[in-house]
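Residue-level structural notes
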Amino acid sequence: MNGKGDGCIAMLCHSTCCSGPEPLEHRILDILDSPTSETKPLLSAGSNQKVTELFEVIEKLQSSRLDEQRCEFPLPLRLLKIGRDLPLILPPKLGGYWIDPPLQKFAEISPTSSHYGLDPETYDIMERDSEATYYQEFFRSRYHHSFTAVDPSLGPLLLSVCLEEEEKRLRVILRMRECSMHGVFSVSLFPNIPSAVELAKMLCDSVTVPRFDVVSYLKAPDLITAFDEHRVSPNFKFGVLYQRAGQLTEEDILCNNEESEEFQEFLSILGDTVTLQGFTGFRGGLDVCHGQTGSDAVFTSFHSREIMFHVSTKLPFTEGDTQQLQRKRHIGNDIVAVVYQEGHTPFLSDVIGSHFLHCFLVVRRVRKGVGDEGEEAGGGGVFQVSVTAREDVPPFGPSLPDPPIFTESSLLREFLLTKLINAEISCYKAERFSRLELRTRSSLLEGLQAELSTRSQCMMGGSPVSTLSTSEGMRGVTEGSGGFIENFKRAIRVRSNSFDTLGGPRKMGGVPLPQKPKAATERDGESELAYKPPEPSFPPTDNLGSTEVKDHSSPQDNT
């Protein structure tokens, strides 16, 4: 305002201060809601009531401008100001993750609430491919035939047919790039045994090949079994992260080097601490010979499955490396990880930068176990569990109880291990892994079809044909089943690198040849593509199946 306006306001203020208080509560709403035209006479009014109305209008205008400039704090900052009763997990700013249970329910969770859904008998482990074991179960012990063909649109095909005379039925498996199709037909439906083409069309109408070639290679059942079960692995590896109070960044979490007694108790729930030197079980890519991945690890057997945990505090710690790449190169290449929290700091779903990590199970002890201060002796505590996964990961069981509280360590172990296995199997259906899986299967099936066709021709007396390329393509199938990612890497490799011979001199004609020293990130046979380096160097997803991707994994990573 100009000087005259300032004088007017000063005079109005003086008049207001000198007058006695008046009941204006009922007038405020009328003034705020009144149209602009009604407020114009206030500028020339001299009564105290009009002066008050003028200031009310000014206050209204200023308040509306302030409201326009207000902004809502991001969810993490807003919740951190509360100081207590925080959820275990917070969603990232850009979204892309689902959380179970939802954030709206976290405040209602109480260790003393009644439990619902705690039934270990319902903790079913998912099967990644229910039809993968049919050939081993129904064909290997019976007389059967296999046939191969290359369809113009469907690509390589592999058909297996078995006549079950006692049941008087035909059992058929058709393997294609996308999937395998299984069918059982009664023999009474056919006057004569159908041809291979007819059987294939009964399972898939899109088959257009005029004929199939008979597989006569004596070792064909071994190769076919290995192909069918390349997605069936009894071994799993999961990461374990240790998050202390106040830690919100990846660097803080990965730099934890000391294990509290509480964290050690939680690790004992997951499995047993084993010495890696000379360990003969499933090692999950850890070094069991030279100690380059630490001296100890957590391992367990669960329902005929072996599980190795990549515990961040047990992996090598590098002074001066804020990113702790020696730790992240293992945990960052896992698909599922467990986060154990001490304190009440939430875990941010996307805090760990990784192209592979798709799911986190977060555990927090909300009450001390029996045997702590003021309680009876002999327990492990009350634990709260929450789950987060990327939005393209389908939900998986077992369901969290309501509330998600566990008071028994044995029940918590049963739930966590089942949930971890199902989480990884469900993550394979995410877009990134489903594309990789299709490439893996296509590459392995093409190599298998070529191998069987070539070997069968040799068995029939045909001229020997070099099978170097096809043998290399099938090497990933015959050298063990460790998951489709490992098999895919083996299938596109020109040669396989064994960890046991890593660093040893190569020989040609009995003479050792000089060998280049391995880079630090190649020592343990693991890929370093999972974590985000300081500069963007990770290849696009569409290039993960290219032969240009460098791979240092070993066929023995999953043995």
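As a reminder, the structure under discussion sits directly above these lines.
What comes next concerns the included structure. Everything numeric here is computed off the predicted structure, so don't read it as measured data.

Next up on the list: the overall build of the protein. Along its length, the protein carries 15 helices and 18 strands. Out of the 559 residues in the protein, the part that is buried amounts to 47%. Sequence-distant contacts in the protein: of pairs separated by 6 or more residues, those separated by 24 or more amount to 65%. When the accessible surface of the protein is split by element, carbon and sulfur atoms take 53% of a total near 28600 Å².

With that out of the way, let us pick up the sheet that holds strand β3 (residues 144-151). Read from one edge of the open sheet, five strands run β6-β5-β4-β3-β7, paired in antiparallel fashion. Every other strand in the sheet has two partners, leaving β6 (180-186) and β7 (213-214) as the edge strands with one partner each. Packed on one face of the sheet, helix α7 (residues 196-203) meets β3, β4 (155-164), β5 (169-175) and β6 and runs near 75 degrees to β5. Its contacts with the sheet put helix α13 (residues 431-459) on β3, β4, β5, β6 and β7, and the angle it makes with β4 is roughly 65 degrees.

Scanning all chains against the criterion turns up 17 salt bridges. Measuring nitrogen to oxygen at the nearest pair gives 3.0 Å for the salt bridge that ties R140 to D222. Of this pair, R140 sits in the loop between α6 (134-139) and β3 while D222 sits in helix α8 (residues 220-228), and the two are 82 residues apart along the sequence. Look at R140 and you get partly exposed, because its relative accessible area is 33%. Taking the relative accessible area as the measure of exposure, D222 reaches 43% and is therefore partly exposed. The salt bridge partner of E431 is R435, with a shortest N-O separation of 2.9 Å. Of this pair, E431 and R435 both sit in helix α13, four residues apart, which is roughly one turn of that helix.

Its 29 residues place the ends of α13 42 Å apart at the C-alpha level, agreeing with the 42 Å of an ideal helix rising 1.5 Å per residue. Downstream of α13 by a residue or two, G461 has a phi angle that is positive, lying close to 95 degrees.

Once that is clear, we can look at the environment of F415. Mapped onto the elements, F415 comes out in helix α12 (residues 409-427). Distance in space between the C-alpha atoms of F415 and D124 is 9.9 Å, their sequence separation being 291 residues. Not counting chain neighbours up to four residues away, the residues in contact with F415 comprise Y123, V385, P398, S399, L400 and F406.

Calculation notes
- Residues numbered from 1 in each chain as written.
- Predicted model: local features only at pLDDT ≥ 70, side-chain atom pairs only at ≥ 80, totals over all residues.
- Heavy atoms only, no water.
- Helix = DSSP H or I, 4+ residues; strand = E, 2+ residues; numbered from the N terminus.
- Buried < 20%, exposed > 50% of the residue type's maximum accessible area, 1.4 Å probe, protein only.
- Contact = heavy atoms within 4.5 Å.
- Areas by Shrake-Rupley, 256 points an atom, 1.4 Å probe, with all protein chains shown as cover.
- Pairing = 2+ DSSP bridges.
- Axes fitted to C-alpha atoms, helices over the stretch in contact; angles between N-to-C directions.
- Salt bridge = Lys/Arg side-chain N within 4 Å of Asp/Glu carboxyl O.
- Expected span 1.5 Å × (residues − 1).

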